[in-house]
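Next come the chains, spelled out residue by residue.
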Amino acid sequence: MPQRLEATNDFVVKFANVNGSGSASANQLFAKAILRMGVPATPRNIFPSNIQGLPTWYEVRISEKGYLGARGGVDLAVAMNPQTWDRDVKEIEPGGYLFHDSSKPMPDSKFRKDINVVGVPLTEMCNRTYSDPRQRQLFKNIVYVGALSALLEIEPAVVEQLLSEQFKGKDKLIAPNVKAFHMGRDWALENLQCPLGIRVARREAIGDRIFLEGNSAAALGAVYGGASVCAWYPITPSSSLAEAFERHCRRYRTDKETGKGRYAIVQAEDELASIGMVIGAAWNGARAFTATSGPGISLMQEFLGLAYFAEIPAVVFDVQRGGPSTGMPTRNQQSDVLSCAYASHGDTKHVLLFPEDPRECFEFGATAFDLADRLQTPIFVMLELEIGMNERLCAPLAWDPARKLDRGKVMSAADLDAARQFGRYLDVDGDGIPFRTLPGTHPTKGAFFTRGTTKDRMARYSEEGPDYVDNMERLLRKFATAAKLAPAAVARPAQQPTRAGVIYYGSTSPAMDEALDTLHERNVHLDALRVRAFPFGPEVAEFIAAHDSVFLVEQNRDAQMRTLIVNELGIDPARIVPVLNFDGNPITARFIVKAIADRMAGANVTPLRKAVP
C-alpha cells in the first residue's frame, strides 16, 4: 500500500470535469462548505476558451494558515474526465489521492503505485436511481460531493444549508439535491475507509473577511466612484465586470419613485466604438468607463492617444489575459503593462493602478474616477483574470460616507466671470494640470476647441515648435503630479536585516506572501515591495537603491514591469533580476521560492544579511 498523505486543513483538491456537464455549481458547493466550516479556501476556475465539451478544472486550495495563492501540486484529484485522466493522475503528489468513478473497470496501467485510489460507482448509482439522462449527469455531481463530504469530514448540515440557499425560490429542487448528496455520502461511509489522511476540521479562521469576485468588486467601486456611463464590447475575461455594473446600477442607480435608471450602459459594436463613447461621455462631464482585455487595448490605441493629448478623463478596466493576438483568453498573465503604460503613438504615458485582491479592485475602481477627473486623463485599472474571474477571501469593502467626488479643476460660470483669463491648456500653478470647463457652462465664456492636433495654451491650433514643446513638457509635469496622487507602493520588511529585496504586483501577491514566509523558514530573508501604481512614487527608487540586488516577480515573458522601472527610473538593469512565470497558470509559491533560491545559490549570495551597526 502506498503511504498516505496526512494533513488537516492544508491541502489542494482539483476537480477535472467536462465543460457544460453542470459540475460548476457542485464544485462551488464543495468550496463554500469548507468556508462555512471556518477554514480559508481559495477556488480557481480553469476553463477552455472554446465550446462545450472540452476539459475544465476547478482547483480548491485549503489553507488554515490563510494562504490564498496557488500552491502547486494536487493532493486529491477528482477525475471525472477520461480525456484528461493521464494528465490529472500525473499531477497528484506522492501519497495523495485519486477519486474516480469506478462504474467501469480500468487497467492497472492507468494508475500510479505511489498514490491512493478511491473508487465510487457514481454512474452505476445514478443510472439505478434516475431515468432521465440529464438528471443522471447533474445529480452525479452532487453525489460525488456527498462522497467527498464523508471522505474529508465535511459537515453534512453545512452542505444541506448551502443547498437550501442555492435553490431558494426553487424549493422543489432542494429535496432531490439533498437526497443525491446523502446517496454519495452514505455509500462512502458504508464502503470506504473514512476519513482520508487529508481532512477538514472546523475552525474560526475566516474572521470578518468576505468572499468576492474581483470584477464584481471593481464594478461596485465604479458605482461608488460616481460612474454613470459604461460602454463596452464583450471580451473574456472582462465581460462580467460590465454585467456586474449593470446589476449594481439596477440596485443603486435606479430612481425609487419613478423606477427609471440614472445610468447608461451600451454594448457597442466593437472596442473602438466603446472607448469613443466613453471619451464623448466624459468630455460632457459624465464619469464613464469601459471594460476590456489585451486585444481591446490594442484596438483602442488611437482614441487613448486622443484622450491623453486632448486631456479628457476616462477609466479603462483592463482584465489581463494571455497574449499576443487571441493568445490564451482564459488564462492569466500580466501582459498589458507596457501596452497600457505607453498606449497610442507618440510620447504618451498613462496612469496604471495594480490591485491585488477584490478589496483593492473596489478601492481602485472608485479612486480611478477621482484620478481621471483630477488629472484629466485616462486611468487604467489593471486587473487580471486570476483576480477578476475568481472569488477570493478579502477584507470587507470600506467606504467613508463623508467622502465626496473629486472633480478636479472644473470652472463654473461664476469662476469664469471672476477669472481674468481662461486658457484650456494653461498651467496656472505648476502642477501641469490646467482648468477645464464643461459644455454649456457659460453663454459666452469658457468655450474651446477640443483638439487631437497640436495647440497653444489657449487651445488654438498651432504647429509652432515652442508651443508643442511647451505643451508636452506640461504633460510631463502633470505626470509627475500623478505620482504624488496615485496609491503608493507597500513595503514588507524582512524579519532580519538583508541586502536583497523583491518587487511584485497584482495577482502575484498571495503567492508572494506565502513564498516570503517559506524563504524565511529557510533562512533566506528578503525585503519586499508591492507596487500599486505607475507612475512610481519615490519609494520604488529608494527601495532599489537600498539593496544590492532586487528580484522582480511578474507573470509575462518580457519582464514588462522591470522594463518600465528601468526606463522610468534610470535603474541599471543588472540590479533587477527578473523572475518570470508566463505559462498562463497562476504563479505559485513553490515556483517563486525555487526561482529565487536557485538564483541566489547560483550567485553565491550568502548570507543575505546586512551588518548590524
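Just so you know, the residues in each chain are numbered from 1, in the order the chain's sequence is written. Under the rules for a predicted model, residues below a pLDDT of 70 receive no local features and side-chain atom pairs below 80 are neither given nor counted, while totals for whole chains, interfaces and linings still include all residues. Heavy atoms from the whole structure form the basis of all side-chain values; hydrogens and water molecules are not counted.

**Here we look at a nonpolar patch on the surface**
Patch membership is restricted to residues that have no salt bridge and whose relative accessible area is over 30%. Joining uses 9 Å for like charges and 5 Å for the nonpolar side chains Val, Leu, Ile, Met, Phe, Trp and Tyr. Each accessible area is a Shrake-Rupley result for a 1.4 Å probe, and residues are judged covered by the shown protein chains and nothing else. Whenever a carboxyl oxygen of Asp or Glu lies within 4 Å of a side-chain nitrogen of Lys or Arg, that contact is scored as a salt bridge. Side chains of Leu-272, Leu-299 and Phe-303 sit close together on the surface and give an oily, nonpolar patch of about 240 Å² of accessible area. The helix count covers DSSP runs of H or I at least four residues long, the strand count covers runs of E at least two residues long, and both are numbered beginning at the N terminus. Looking at where Leu-299 falls in the secondary structure, it is placed in helix 10 (residues 294–299).

**Some thoughts on the sheet that holds strand 14 (residues 351–353)**
Across the sheet, which stays open at both edges, the seven strands sit in the order 11-10-12-13-15-14-20 with mixed pairing between neighbours. Among the strands making up the open sheet, the edge pair consists of strand 11 (264–267) and strand 20 (533–534). In what follows, a contact means two residues having at least one pair of non-hydrogen atoms within 4.5 Å. Axis definition: a line fitted to C-alpha atoms, over the contacting stretch in the case of helices. Angles run 0 to 180 degrees between N-to-C directions. Against the sheet, helix 13 (residues 358–375) touches strand 12 (288–292), strand 13 (314–320), strand 14 and strand 15 (378–384), its axis set at about 165° to strand 15. In this description, strands pair whenever DSSP reports at least two bridges between them.

**Brief notes about the side chain of Arg-253**
Within the element layout of this structure, Arg-253 appears in the loop between helix 8 (239–252) and strand 11. The charged side chain of Arg-253 is buried without a salt bridge, its nearest counter-charge being Asp-370 at 11 Å. A polar atom in the side chain of Arg-253 sits 2.6 Å from the backbone oxygen of Val-223. Once you skip the residues sitting within four places of it in the chain, Arg-253 turns out to touch Ala-222, Val-223, Gly-226, Ala-227, Ser-228, His-248, Lys-260, Gly-261, Arg-262 and Tyr-263. Think of it in three bands: with a 1.4 Å probe and only protein chains considered, a residue is buried below 20% of the maximum accessible area for its type, exposed above 50%, and partly exposed in between. Counting rule for charge: Lys and Arg are taken as positive, Asp and Glu as negative, and neither His nor the chain ends is counted. Definition of a polar contact: a pair of N or O atoms within 3.5 Å, with one able to donate and the other able to accept a hydrogen when the atoms are protein atoms, and with sequence-neighbouring residues admitted only if both atoms are side-chain atoms.

**Concerning the packing of helix 3 (residues 122–129) against helix 4 (residues 133–152)**
It is the contact of helix 3 with helix 4, at a shortest axis distance of 9 Å, that shows an interaxial angle of 125°. When the axis of helix 3 is compared with that of helix 4, the two are oblique. For helix 3 against helix 4, the interelement crossing comes out right-handed. Taken together, the residues of helix 4 that come into contact with helix 3 (itself represented by Leu-122, Thr-123, Met-125, Cys-126 and Asn-127) are Arg-136, Phe-139, Lys-140, Val-143 and Tyr-144. For this classification, Asp, Glu, Lys and Arg are treated as charged, while Ala, Val, Leu, Ile, Met, Phe, Trp, Tyr, Cys and Pro are nonpolar and the rest, including Gly, are polar. Class assignment for the residues of the contact of helix 3 with helix 4 results in six nonpolar, two polar and two charged. The cut-offs work like this: below 35 degrees is roughly parallel, past 145 is roughly antiparallel, 65 to 115 is roughly perpendicular, and the gaps in between are oblique. Here is the rule for handedness: rotate from the far helix to the near one, and if that takes an anticlockwise turn smaller than a right angle the crossing is left-handed, while a clockwise turn gives right-handed.

Fair warning: the whole summary comes from geometry, so function is off the table for now.
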